[in-house]
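Fold and geometry: a report
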Amino acid sequence: MAAPVLRCFCRSRWFSTSGGLAVLPLGSRKAHSGSQGLLAAQKERGLFKDFFPNRSTEIELPELFDRSRADNFPQTIYCGFDPTADSLHVGHLLAVLGLFHFQRAGHNVIALVGGATARLGDPSGRTKEREALDAKRVGANARALRQGLQSLAANHQQFFADGQAWGSFTVLDNSAWYQRQQLVDFLATVGCHFRMGTLLSRFSVQTRLKSSEGMSLSEFLYQVLQAYDFYYLFQHYGCRVQLGGSDQLGNIVSGYEFIHKLTGKDVFGITVPLITSTTGAKLGKSAGNAVWLNRDKTSPFELYQFLVRQQDDSVERYLKLFTFLPLSEINHIMQLHVKEPEKRGPQKRLAAEVTKLVHGQEGLKSAKRCTQALYHNSIDALEVMSDEELKELFKEASFSELVLDPGTSVLDTCRKANAIPDGPRGYRMITEGGVSINHKPVTNPESVLVVGQHILKNGLSLLKIGKKNFYIIKWLQL
């Protein structure tokens, strides 16, 4: 029934492959000091919200993660991510950070991409059924999510190392074991352990059954497959803890009950809070307010600005949730903010830390260059910006490639870029001060373009008509 799993050991580091998927080895099994207070520390930061079973909070879970005990080995924790889109978004980031905190404490973590379960659609927190995705699209999304998770893990290791021995970070896809399952065999061997009354009692199920939309069989069975994922990882990886958003508690409970019934062993669930917009809506694709982690969908500059714009009443909480900064340092940052709120120090630090984690050091530099170019009219920043950065910065701007002929004037340039209308009206737009090149107003339509002034060292010109209409020109044959 189950796909084979290969475990490899090399110089005290372990990694695994399943279904041909690449795995990123990021640590060792060496005991990590000070991890006894891991749960309490993350509870204090607000990252860990609820624990299941409730009785586990005081004794069982702390003992499980106490690496100072000689008989305690590193634990394995997993969190699932369904590929309903080809990118993770900020709403997923807390769960990823939860995995990273366990990894930093010397434990092994698994990011599970739901290449199979995404075909069903998780009903948790939804008022209607998800749009059905075909297998080809889900497969492409799953590959993109695996790449995104591995990129986050690599940035985490490269830019946020603390000198301690970390656990491993493994990326798996549950299609590796479901594609070998036969429907009747699965229902006969797995389905018989689930009671309808219990499944029907879940909050997500009750909510949907009472709605006009109702609930499909595929959605109803989602919690069974997520429970089986937990069981599979428990059997093959020794995974005893599932991490998820607070809307996943019902699915986590289903996994706990299934594993306990089959094995008699206890497993645990930990939830992280959901991140909402200022209106209280959950951030995500379905709500239409997702801030994506893939550069093709949300640029480093856009991510940086999203975080810089956070309100004062939420920025301290976000520093605790989205960064690895010690609480003492966060307190110091907030104290400075009280004295100089106009500098927006906490927001800038939050933006820098998260952008570096998501896009690396170069992504952070790019975001800062774009900020200087747009909000501080920095010519120096414009001159070193790449074509990609300019396109990201001015997403709605027209992009033209023009040949610089001898004697090319401001008027010629505006017309070739289709930035002004033909005739006297376009001419007047220039003479009346409605046109600027590289943030400098130009009022003489007949003036000839000068390299180094109108054309930057990188061969680009930023043409602005009025207050908001931008045109990017790349000059050829300079």
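Please read these numbers as outputs of a predicted model, since none were measured by experiment.

**Let's talk about the confidence of the model for the protein chain**
With 87% of its residues at a pLDDT of 70 or more, the protein chain shows a mean pLDDT of 86. Ranking the elements of the protein chain by mean pLDDT puts strand β1 (residues 5-10) last, at 32, and strand β6 (residues 169-173) first, at 98. With pLDDT under 50 throughout, residues 1-36 is counted as low confidence; its partners more than four residues away or in other chains account for 98 contacts.

**So, the layout of surface pockets**
If you add up the space inside the second largest pocket, you get close to 530 Å³. Lining the second largest pocket are 27 residues, and of these Ala116, Leu120, Tyr178, Phe186 and Leu225 lie nearest its centre. Elements supplying a minimum of two residues to the lining of the second largest pocket: α4 (135-159), α5 (175-178), α6 (183-189), α7 (196-200) and α10 (222-237). For the lining of the second largest pocket, the leading source of residues is α4, giving six residues. Considered class by class, the residues forming the lining of the second largest pocket number 16 nonpolar, seven polar and four charged.

**Overview of the packing of aromatic side chains**
Tallied over the entire structure, the rule returns 17 aromatic pairs. On the basis of an interplanar angle of 90° and a centroid distance of 5.0 Å, the ring pair of phenylalanine 52 and tyrosine 256 is categorised as edge-to-face. Separated by 204 residues along the polypeptide, phenylalanine 52 in strand β3 (residues 50-52) and tyrosine 256 in helix α11 (residues 249-263) bring together distant segments of the chain. Phenylalanine 52 gets classed as buried once you look at its relative accessible area, which sits at 19%. Among the aromatic residues, those joined into a ring-pair cluster are Tyr178, Phe186, Phe194, Tyr228, Tyr231 and Phe258.

**With respect to the pairing of strand β13 (residues 469-476)**
In terms of strand pairing, strand β9 (residues 398-403) meets β13 through six bridges, oriented parallel. The residue of β13 that forms the bridge with serine 400 is isoleucine 473. Sheet topology places strand β12 (residues 460-465) next to β13; six bridges connect them, and they run antiparallel. Bridge pairing links leucine 462 to isoleucine 472 in β13. The loop that links β12 with its antiparallel partner β13 comprises three residues; one of these, glycine 466, has a positive phi angle of about 70°.

**Quick look at a nonpolar patch on the surface**
Nonpolar side chains collect at one region of the surface, where Leu183, Val184 and Leu187 lie side by side and expose about 320 Å² of accessible area between them. Here valine 184 lies in helix α6. Looking at valine 184, the relative accessible area reads 64%, which means it is exposed.

**Some thoughts on empty space enclosed by the protein**
In the structure shown here, the tally under the stated rule is two cavities of 30 Å³ or more. By volume, the largest cavity amounts to about 50 Å³. Forming the walls of the largest cavity are Asp122, Pro123, Ser124, Ser204, Val205, Met215, Glu219, Phe220, Tyr222, Gln223 and Asn251. Counting residues per element, the ones that place at least two in the lining of the largest cavity are α8 (203-209), α9 (217-220) and α10. Per-class residue counts for the lining of the largest cavity are five nonpolar, four polar and two charged. Within this model, the second largest cavity holds a volume of roughly 30 Å³. Contributing to the lining of the second largest cavity are Leu382, Leu390, Leu456, Asn458, Leu460, Ser461 and Leu462. At three residues, β12 tops the list of elements feeding residues into the lining of the second largest cavity. Its residues placed into classes, the lining of the second largest cavity shows five nonpolar, two polar and no charged.

**Some remarks on the pattern of salt bridges**
A full pass over the atoms with the stated rule returns 18 salt bridges. Here lysine 365 ties to glutamate 362 by a salt bridge, and the two come within 3.7 Å at their closest N and O atoms. Of this pair, lysine 365 and glutamate 362 both sit in helix α15 (residues 345-375), three residues apart, which is roughly one turn of the helix. Aspartate 387 is the salt-bridge partner of lysine 474, the closest N and O atoms lying 2.9 Å from each other. Remark: aspartate 387 occurs in helix α17 (residues 387-393) and lysine 474 occurs in strand β13; sequence separation between them is 87 residues. What makes lysine 474 partly exposed here is its relative accessible area of 26%. One salt-bridge network, in which partners are shared between bridges, spans Arg295, Glu388 and Glu392.

Quick notes on the rules
Residues numbered from 1 in each chain as written. Predicted model: local features only at pLDDT ≥ 70, side-chain atom pairs only at ≥ 80, totals over all residues. Heavy atoms only, no water. pLDDT = per-residue confidence, 0-100. Helix = DSSP H or I, 4+ residues; strand = E, 2+ residues; numbered from the N terminus. Contact = heavy atoms within 4.5 Å. 1 Å grid on protein atoms, 1.4 Å probe; cavity = no way out; pocket = protein on both sides within 12 Å on 5 of 7 lines; lining within 4 Å. Points joined across faces, edges and corners; volume = space filled by probe spheres on them. Nonpolar A, V, L, I, M, F, W, Y, C, P; charged D, E, K, R; others polar. Phe/Tyr/Trp six-rings, centres within 6.5 Å; stacked < 30°, edge-to-face > 60°. Buried < 20%, exposed > 50% of the residue type's maximum accessible area, 1.4 Å probe, protein only. Pairing = 2+ DSSP bridges. Patch = residues over 30% accessible without salt bridge, like charges linked within 9 Å, V, L, I, M, F, W, Y side chains within 5 Å. Areas by Shrake-Rupley, 256 points an atom, 1.4 Å probe, with all protein chains shown as cover. Salt bridge = Lys/Arg side-chain N within 4 Å of Asp/Glu carboxyl O.

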